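Residues per chain are reported as follows:
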Amino acid sequence: MKGLLAGTLACTLVLTVHGFYSSSDDVVELNPSNFNREVIQSDSLWLIEFYAPWCGHCQRLTADWKKVATALKGVVKVGAVDADQHKSLGGQYGIRGFPTIKIFGANKNKPEDYQGARSSQAIVDGAVNAVRSLVKDRMAGKTGGSEQGRQGGGGGGSGSGGGSKKDVVELTDDNFDSTVLNSEEVWLVEFFAPWCGHCKNLEPEWAAAATEVKEQTKGKIRLGAVDATVHQGLASRYGIRGFPTIKIFQKGEEPADYEGGRTRSDIVARALDLFSSNAPPPELLEILNEDVLKKTCEDYQLCIISVLPHILDTGASGRNAYLEVMMKMAEKYKKKIWGWLWTEAGAQMELESALGIGGFGYPAMAAINARKMKFALLKGSFSETGIHEFLRDLSVGRGSTATVGGGALPKIHAVEPWDGKDGELPMEDDIDLSDVELDDLEKDEL
């Protein structure tokens, strides 16, 4: 008899712990598999209890919660999440205590906490007030939550405020391999869930970073996003266990975990590190025509221009030594994504004048910001140390600047490219003195 009582008691306890709600109740049991479909993509207002089976307050709320669900049937959806069993779902909504009740209304991605009493009447009154508020918003033309849920899943994936949505590429089961795995570009991919609170916080940062990274790397580094609740195959393939998870994809390599910060600046900095480690040093171009100067200075944040001595003053070896210094500095600062140019003294006098170089003191160097039409001049030596100090100050916003002469890029003359050889003195014409009367040279004329 004691054994029978013990067995009955044990079964009762199991039912108490694991059987809060059944299919006969009007409460919808929610879990990670159906949450997005039932709640996020729904037009209905949802009232959801996050509970733990061992929680005494949750056990006492159960009867009232069933009454609430029956009273609001056809008006408000009432659901429950076992947050002890589905910790990831509870964690994404910041559940810290039990029971927690949240209202998923006009903006499904930003549920509101229910702050009222825990009686069935108080909860019903709170739900009815939420319905009134939702109807009022819709009458005012504000969009409802279901549209947000269907368009981009509401998480950080499709890109949002603070950046351009179009710069975050929406990745799916159908396009992932062709877009990411077979791409020559490096990809930072966020795996998100629409109901994830941390994903919502990341969303504007991810969008803003996507725009900045695309611009600064000329599209060589891209940011994408996968709604892991919709494309579960992709999430499973890459072992996604929490949200948001960010992975780095480079062609021919295994995907790596992103371990940096979650702010725009953190994401951009990591992307630029990836870009610089994979990119060759920037080209060092001779200014041969107007297009070279204009394209370089307008396409890059800064263009670094050197005016080197005339070839007759240095010879090929001297010029190559200066060019080698520039190339080393271009390699050192390639993460900055600056343009690098050079010209020979006297070849572009208008450029020298606009930069205040003035036809002397070669070699000289200037850094131009074409967007602001400002420039800075190298004051120290034309050496690795001197140029490094100059560029380091520029990179942190130090150093004096001036406005480019005329307020615009100067006229550039088309010139022939340097052939890599020493210079040659111009040939002088022979003078025939046979017809000159030398006696006449001694006469003075007024």
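Residues numbered from 1 in each chain as written. Predicted model: local features only at pLDDT ≥ 70, side-chain atom pairs only at ≥ 80, totals over all residues. Heavy atoms only, no water.

**Q** When you look at the overall build of the protein chain in this model, what are you seeing that I'm missing?
**A** Along the backbone of the protein chain there are 14 helices and 16 strands. Taking the intrachain contacts of the protein chain between residues at least 6 apart in sequence as the baseline, contacts between residues at least 24 apart amount to 76%. Working note: accessible area of the protein chain is about 23,900 Å², and carbon and sulfur atoms make up 50% of it. (Helix = DSSP H or I, 4+ residues; strand = E, 2+ residues; numbered from the N terminus. Contact = heavy atoms within 4.5 Å. Areas by Shrake-Rupley, 256 points an atom, 1.4 Å probe, with all protein chains shown as cover.)

**Q** Just to check I follow, could you spell out the sheet that holds strand S15 (residues 374–377) for this structure?
**A** The strands making up a sheet associate through hydrogen bonds between their backbones, and the pairing can be parallel or antiparallel. The six strands are arranged S11-S13-S12-S14-S15-S16 in an open sheet whose pairing can be described as mixed. One side of each edge strand has no neighbouring strand; the edge strands of this open sheet are strand S11 (284–286) and strand S16 (402–403). Where strand S12 (residues 303–308) lies against strand S14 (residues 364–369), five bridges are found, and the strand directions are antiparallel. Of the residues in S14, the one forming a bridge with Ser 306 is Met 365. Along the sheet, helix H11 (residues 290–299) makes contact with S11, S12 and strand S13 (339–344), crossing S13 at roughly 150 degrees. Helix H14 (residues 384–395) rests against S12, S13, S14 and S15 of the sheet, and its axis sits at about 15 degrees to S14. (Pairing = 2+ DSSP bridges. Axes fitted to C-alpha atoms, helices over the stretch in contact; angles between N-to-C directions.)

**Q** Please clarify how the nonpolar core should be interpreted in this entry.
**A** Generally speaking, a soluble globular protein has its nonpolar side chains buried in company with each other. Ranked by size, the top nonpolar core spans 56 residues in total, and within it Phe 35, Ile 48, Tyr 93, Phe 176, Leu 188, Val 189 and Trp 195 carry the most contacts. Broken down by element, the residue count for this core peaks at seven residues, all from helix H8 (residues 197–216). Those residues in contact with Leu 188, other than ones at most four positions away along the chain, are Trp 206, Ile 221, Arg 222, Leu 223, Gly 224, Lys 247, Ile 248, Tyr 258, Ile 267 and Leu 274. Counting 25 residues, the second largest nonpolar core, distinct from the first, contains Tyr 51, Ala 80, Tyr 114 and Val 124. (Core = buried A, V, L, I, M, F, W, Y, C linked by side-chain atoms within 4.5 Å. Buried < 20%, exposed > 50% of the residue type's maximum accessible area, 1.4 Å probe, protein only.)

**Q** Is there a simple way to explain the environment of Arg 60 in this structure?
**A** In this structure, Arg 60 sits in helix H3 (residues 56–71). There is a polar contact of 3.0 Å between the side chain of Arg 60 and the side chain of His 57. (Polar contact = N/O pair within 3.5 Å; in protein donor to acceptor, adjacent residues only side chain to side chain.)

**Q** Where do I start with the side chain of Asp 25 in this structure?
**A** By secondary structure assignment, the location of Asp 25 is in the loop between helix H1 (2–18) and strand S1 (28–30). A distance of 2.9 Å separates a polar atom in the side chain of Asp 25 from the backbone nitrogen of Ser 22. For Asp 25, the contacting residues outside a window of four places in its chain are Phe 20 and Lys 66.

**Q** Hey, could you run me through unusual backbone geometry in this one?
**A** Negative phi is the rule for most residues except glycine; trans is the rule for most peptide bonds. Of the consecutive residues Phe 98 and Pro 99, the connecting peptide bond is found in the cis state with omega at -10 degrees. Looking at the element boundaries, Pro 99 is found in the loop between helix H4 (87–92) and strand S4 (100–104). Here Phe 243 and Pro 244 are connected by a cis peptide whose omega angle stands at -10 degrees. Tracing the chain through its elements places Pro 244 in the loop between helix H9 (232–237) and strand S9 (245–249). With a phi close to 55 degrees, Lys 218 is a non-glycine residue in the positive phi region. Considering the arrangement of structural elements, one finds Lys 218 in the loop between H8 and strand S8 (221–227).

**Q** Help me understand the sheet that holds strand S7 (residues 186–192), please; the structure alone is not making it clear to me.
**A** A sheet is described by the order of its strands in space; here five strands give the open sequence S6-S8-S7-S9-S10, paired in mixed fashion. Looking along the sheet, the strands with just one partner apiece sit at the ends: strand S6 (168–171) and strand S10 (256–257). Direction of pairing for S7 relative to S8: parallel, over a ladder of seven bridges. From the neighbouring strand, Leu 188 faces S8, where its bridge partner is Leu 223. Lying over the sheet, H8 contacts S6, S7, S8 and S9, oriented at roughly 150 degrees with respect to S8.

**Q** Can you help me understand the pairing of strand S3 (residues 77–82) in this one?
**A** Along any regular strand the residues' side chains alternate between the sheet's two faces. Within S3, five of the six residues are buried, leaving the element largely enclosed by the surrounding structure. Note that S1 and S3 share three bridges and pair parallel. Looking at the pairing, Glu 29 lines up with Ala 80 of S3. When strand S2 (residues 46–51) meets S3, the two strands line up parallel, connected through six bridges. By the bridge assignment for S3, Phe 50 is matched with Val 81.

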